[in-house]
Amino acid sequence: GPEKKRLQSDLDKKLTAYHEVGHAVVSHFLPHTDAVHRISIVSRGMALGYTLIPPGKDKLHETKTHLLERIAVMMGGRAAEEVIFNEVTTGASNDFDQATSVAKAMVVEYGMSSLGPINFGPTRDVTEWGKTYYDQNILSQDVMNNIDAEIKKIIMTAYDKAIDIVKSKKKLMDQVAEALIKKESIDQDEFEKIVGKKLIV
């Protein structure tokens, strides 16, 4: 979307910066994620900032490991808010939406949970949102409770991973956030000058 010059307070700017740096740093230090291309705190559309992590190459198959790491990256913004400010904001709602969609697909469609290699379908494409959902009418309450528990377990495991990375890389995050607040956008070269080269497995 087009850039929007919103008047942000210094605190808002700082919160947005650390939120985006959270995504970037978690992605950078996970072994199976792609390199961070750009981080910005210039608002576009509804978003106050963004972290651009384009895929390095087309993937024909998604592994469980990569999906779990993707969810951890999505949770990186909230993890940064909690660790740095001991506070949480409304800024992560879209991250949670995406993370929940991926975790739900892992459990319901891909058989990537302790419920086993089962498709709890049929799933239907809801084209308005580009999401799928499962027909709850054919599942028992127990099964739905188990599915919900697995989704929560996947997301909380990923969140814990994001928290660990944010805590261990706090000094680097401070440096990246400082550069981002000053310049509003930084690219891959500037980011990696601070955090080091990305090692991709």
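Here the structure is a predicted model, which is why all the values come from computation and not from measurement.

Cut-offs used in this document
Residues numbered from 1 in each chain as written. Predicted model: local features only at pLDDT ≥ 70, side-chain atom pairs only at ≥ 80, totals over all residues. Heavy atoms only, no water. Helix = DSSP H or I, 4+ residues; strand = E, 2+ residues; numbered from the N terminus. Buried < 20%, exposed > 50% of the residue type's maximum accessible area, 1.4 Å probe, protein only. Contact = heavy atoms within 4.5 Å. Areas by Shrake-Rupley, 256 points an atom, 1.4 Å probe, with all protein chains shown as cover. Expected span 1.5 Å × (residues − 1). Arc of directions from axis to C-beta. Phe/Tyr/Trp six-rings, centres within 6.5 Å; stacked < 30°, edge-to-face > 60°. Lys NZ or Arg CZ within 6 Å of the ring centre and 35° of its normal. Lys, Arg positive; Asp, Glu negative; His and termini not counted. Salt bridge = Lys/Arg side-chain N within 4 Å of Asp/Glu carboxyl O.

Participant: Teacher, can you tell me more about the overall build of the protein here?
Facilitator: Counting secondary structure elements, the protein contains seven helices and seven strands. Out of the 201 residues in the protein, the part that is buried amounts to 40%. Put simply, of all contacts in the protein between residues at least 6 apart along the chain, 68% involve residues at least 24 apart. With an accessible surface of roughly 11,500 Å², the protein has 53% of that area assigned to carbon and sulfur atoms.

Participant: Is there a simple way to explain helix α6 (residues 170-183) in this structure?
Facilitator: Residues separated by three or four positions in an α-helix point in the same direction, a consequence of the helix having 3.6 residues per turn. The end-to-end C-alpha separation of α6 is 20 Å, in line with the 20 Å expected for 14 residues at 1.5 Å each. All of the buried residues in α6 are M173, V176, A177 and L180. Looking down the long axis of α6, one finds its buried residues gathered within 100 degrees of arc, a one-sided arrangement. Opposite the buried face of α6, by more than 90 degrees, sit the exposed residues K171, E178, K182 and K183. E184 occupies a position one or two residues after α6 and carries a positive phi of about 75 degrees.

Participant: Can you walk me through the packing of aromatic side chains in this structure?
Facilitator: Within a pair of aromatic rings, the relevant descriptors are the distance that separates the centres and the angle that separates the planes. Overall, the coordinates contain one aromatic pair when judged by the stated rule. Pairing Y18 with F85 gives two aromatic rings, centres 5.6 Å apart and planes at 90 degrees, and the pair type is edge-to-face. Of this pair, Y18 sits in helix α1 (residues 10-28) while F85 sits in helix α3 (residues 76-85), placing them 67 residues apart in sequence. A cation over a ring is seen here: K169 above F29, with NZ or CZ 4.3 Å from the ring centre.

Participant: So what exactly am I meant to see when it comes to the side chain of E69 here?
Facilitator: Within the secondary structure, E69 is located in helix α2 (residues 64-74). It turns out E69 is buried and unbridged, and the closest side chain with the opposite charge, K198, is 6.2 Å from it. With residues near it in sequence (within four places) discarded, E69 still touches L30, P31, H32 and T33.

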